[in-house]
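Take a look at the letters that make up each chain.
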Amino acid sequence: MAAHPVVELTSEASWNLIEDRFTPYGKETLAKLVHFLQDEILPSVKLGHAQVPKDPVQRWKTVIPVIEELKVKARKLGLWNLFLSKTHYPEHGVPLTNVEYAVMAEILGRGGHMASEAVNCSAPDTGNMEVIARYGSPEQQKKWLVPLLNGEIRSAFAMTERFVSSSDARNIKTSIKREGDEIVINGHKWWISGAGDPRTKLHLVMGKSDPDNANAYQQQSVVIVPSDAPGVKIIRPMEVFGYDDAPEGHCEVIYENVRVPVSNLILGWGRGFEIIQGRLGPGRIHHCMRSIGGASRALDLMIERVTDPTRKTFDKFLYQHGTVVAEIARSRAEIESARLLVLSAALQIDKQRAKGALKEIGIAKFVVPAMACGVVDRAMQAYGAEGLSQDQELASMFAGLRTLRLADVHIQQVGQRELKRAPDCLSEFAVLSKAGIKAHL
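Rules and cut-offs
- Residues numbered from 1 in each chain as written.
- Predicted model: local features only at pLDDT ≥ 70, side-chain atom pairs only at ≥ 80, totals over all residues.
- Heavy atoms only, no water.
- UniProt positions renumbered as here; feature names shortened; annotations may be inferred.
- Helix = DSSP H or I, 4+ residues; strand = E, 2+ residues; numbered from the N terminus.
- Rg over C-alpha atoms; globule rule 2.2 N^0.38 Å.
- Contact = heavy atoms within 4.5 Å.
- Areas by Shrake-Rupley, 256 points an atom, 1.4 Å probe, with all protein chains shown as cover.
- Lys, Arg positive; Asp, Glu negative; His and termini not counted.
- Charge placed at Lys NZ, Arg CZ, Asp CG, Glu CD.
- Polar contact = N/O pair within 3.5 Å; in protein donor to acceptor, adjacent residues only side chain to side chain.
- Disulfide = S-S within 2.5 Å.
- Buried < 20%, exposed > 50% of the residue type's maximum accessible area, 1.4 Å probe, protein only.
- 1 Å grid on protein atoms, 1.4 Å probe; cavity = no way out; pocket = protein on both sides within 12 Å on 5 of 7 lines; lining within 4 Å.
- Points joined across faces, edges and corners; volume = space filled by probe spheres on them.
- Nonpolar A, V, L, I, M, F, W, Y, C, P; charged D, E, K, R; others polar.
- Core = buried A, V, L, I, M, F, W, Y, C linked by side-chain atoms within 4.5 Å.
- Salt bridge = Lys/Arg side-chain N within 4 Å of Asp/Glu carboxyl O.
- Pairing = 2+ DSSP bridges.

An unreviewed UniProt entry lists the protein chain under the name Acyl-CoA dehydrogenase/oxidase, with Suillus placidus as the source organism. Comment text from UniProt for the protein chain, heading Cofactor (unreviewed entry), reads "FAD". Within the UniProt record for the protein chain, the comment given under Sequence similarities (unreviewed entry) is "Belongs to the acyl-CoA dehydrogenase family."

Here you go:
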């Protein structure tokens, strides 16, 4: 029997480990996705970048034509909304588990942001769709979820704030107050992904609705804000190492006396933390697997470069110099290890949803971005100055991955969770110590 085409882009060992967890539909969909990536997406990446205007105004008004063409092809192939599991979202989902989609997310990671958008699986829309599908009212789902699922509109998620240490979400200052039949929002956000896109029609805004609540985790609420509501002000696109990621961008946004109906509140007052934990769990896994795909792509580019027969220095091919072979081996080992780590987290989400997989998600969240940055950095080194330039995708890839490392707060959470095991560890060592003393008597 011929090997599944995913083996070519991942590894035979990891596929053998999880193949029996794939349904026939999952295997068929994965095979179609691999071919779609190789035959349609990767050949279109450079064209997609070229179709974003250089003009600082027009680049934020553009819908990239080649991506829209890819969307039509993807939907005809059934490669659409692959992230939304029918197990958890029977009305809107597709029959894929988190493990099955995790492998697909890695494949999509090889094609950068364009690949995920082509199959309607790009952030922040994926997380926002999960929130509305899981917590939204029937009215909210009809008005916002259906067009998002159809790829007709896009969305933004507004949590991070300027002048606030937002890695601790309890610090968020944005005010969400009820006045009669309306909710009034005032706040200053930034790094709001998707806010610059001309197709974005809604922001999910997190803020404090009950700042005096004794429970710091019940002070926050999440509300849907139409992007064209009076008082929503896009101040500027933020840049990461000079990249602005137009047209969706990551923007600084001010909400000034923005009024929306009370029906735009998601789930209920004080449920903000519950919502973001449910939103971020699967999304973190998606980011991690895409990052592994990006790292694999970078390693392929590195191997291509160092074995190029036209490139010799000091009468040697590049791979014959110094530690190049060792760095290739290190990159491969790190990619394989990270993949297994994230697949275990995906399996745990399938069994216990995101809340039951916090340890596994937390470990993956700080291990994978650092790994991927290291792999891309080695690839850039192999390319020399060209690796840092716009002529290669590596510098842009590194910028995107480096932003994910800002979530290293998870390393503290994982460490604190481990420390809770201290009493059990001490008891075990005490028992062993007594047993050892008796053995010598």
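Still more ground to cover, so stick around.
A.B. asks: Give me the overall build of the protein chain: which residues, what numbers.
C.D. replies: Summing up its helical and strand segments, the protein chain has 15 helices and nine strands in all. For the protein chain, the C-alpha radius of gyration of 23 Å lies close to 22 Å, the compact-globule estimate for 441 residues. Nonlocal contacts in the protein chain, meaning residues at least 24 apart in sequence, comprise 73% of its contacts between residues at least 6 apart. As presented, the protein chain carries roughly 20900 Å² of accessible surface, and 55% of it is formed by carbon and sulfur atoms. Side-chain charges of the protein chain comprise 54 positive and 51 negative groups, with the mean position of each set lying 4 Å from the other.

A.B. asks: Mind laying out the environment of N186, listing which residues take part and the relevant values?
C.D. replies: Structurally, N186 can be placed in strand 3 (residues 182-193). For the pair N186 and S175, spaced 11 residues apart in the sequence, the C-alpha separation amounts to 5.2 Å. Looking at N186, its side chain comes within polar contact range of the main-chain nitrogen of N257, at 2.7 Å.

A.B. asks: Account for unusual backbone geometry, with residues named and values stated.
C.D. replies: Cis rather than trans, the peptide bond between A123 and P124 has omega equal to 0°. Relative to the assigned elements, P124 resides in the loop between helix 7 (112-118) and helix 8 (125-135). Cis geometry marks the peptide bond from A246 to P247, where omega comes out at 5°. With respect to the element layout, P247 can be found in the loop between strand 6 (232-237) and strand 7 (250-261). The residue W191 is not glycine, and still its phi comes out positive at about 60°. Secondary-structure assignment places W191 in strand 3. A positive phi angle, close to 55°, is found at F241, a residue other than glycine. Inspection of the secondary structure puts F241 in the loop between strand 6 and strand 7.

A.B. asks: So what about the UniProt feature "domain: Acyl-CoA oxidase/dehydrogenase middle" (unreviewed entry) in the protein chain? Which residues, and what values?
C.D. replies: Following the UniProt record, one finds the feature "domain: Acyl-CoA oxidase/dehydrogenase middle" (unreviewed entry) at residues 156-258. Secondary structure content for residues 156-258 is 0% helix and 50% strand, while the C-alpha to C-alpha distance between its ends is 16 Å.

A.B. asks: Break down the state of the cysteines for me, citing the residues and quoting the values.
C.D. replies: Applying the stated rule across the entire model yields zero disulfides. Cysteine C288 is unpaired, with the sulfur of C373 as its nearest cysteine sulfur at 12 Å. Residue C288 is classed as buried on the basis of its relative accessible area of 2%. For C373, a relative accessible area of 4% puts it in the buried group.

A.B. asks: I'd love a proper account of empty space enclosed by the protein, names of residues and values included.
C.D. replies: By the definition in use, this model includes three cavities of 30 Å³ or more. Quantified by volume, the second largest cavity comes out at close to 50 Å³. Taken together, K71, E117, N120, S122, D125, M129, L148, G151, I153 and R154 make up the full set of residues lining the second largest cavity. Looking at the lining of the second largest cavity, its residues break down into three nonpolar, three polar and four charged.

A.B. asks: Break down the layout of surface pockets for me, citing the residues and quoting the values.
C.D. replies: In this structure, the second largest pocket encloses a volume near 260 Å³. Residue lining of the second largest pocket: 15 residues in total, with A195, G196, D197, P198 and I234 positioned closest to the centre. Breaking the lining of the second largest pocket down by element, the ones donating at least two residues are strand 4 (200-208) and strand 6. Of all the elements, strand 6 adds the most residues to the lining of the second largest pocket, at four residues. Looking at the lining of the second largest pocket, its residues break down into seven nonpolar, four polar and four charged.

A.B. asks: I'd like to hear about the nonpolar core, residue by residue, with values.
C.D. replies: L30 and M371 are the most contacted members of the largest nonpolar core, which totals 101 residues. Ranked by residue count, the leading element in this core is helix 10 (residues 272-306), at 13 residues. When neighbours within four sequence positions are excluded, M371 is seen to be in contact with I292, A295, E334, I335 and A338. Counting 19 residues, the second largest nonpolar core, distinct from the first, contains A156, I183, I185 and A195.

A.B. asks: Before we move on, can you summarise the pattern of salt bridges with the specific residues and values?
C.D. replies: Tallied over the entire structure, the rule returns 27 salt bridges. Across the pair E19 and K27 runs a salt bridge, and its minimum N-O distance is 3.5 Å. The class of E19 is partly exposed, set by a relative accessible area of 26%. Where R339 meets E336, a salt bridge forms, and the shortest distance between an N and an O atom there is 2.9 Å. Within this pair, R339 and its partner E336 are both found in helix 11 (residues 324-352), separated by three residues, close to a single helical turn. The pair formed by R339 and E336 is uniform in burial state, with each residue classed as buried. Connected via shared salt-bridge partners are E68, K71, E117, D125, R154, D197 and R199.

A.B. asks: Got a sec to walk through the pairing of strand 3? Specific residues and values, please.
C.D. replies: Two elements, strand 2 (residues 175-179) and strand 3, share five bridges in a ladder whose sense is antiparallel. Bridging across to strand 3, K177 finds its partner in V184. If you look at the hairpin formed by strand 2 and strand 3, you'll find two residues sitting between the two strands, and G180 has a positive phi there, around 65°. Note that strand 3 and strand 7 share nine bridges and pair antiparallel. Paired with V184 across the bridge in strand 7 is R259.

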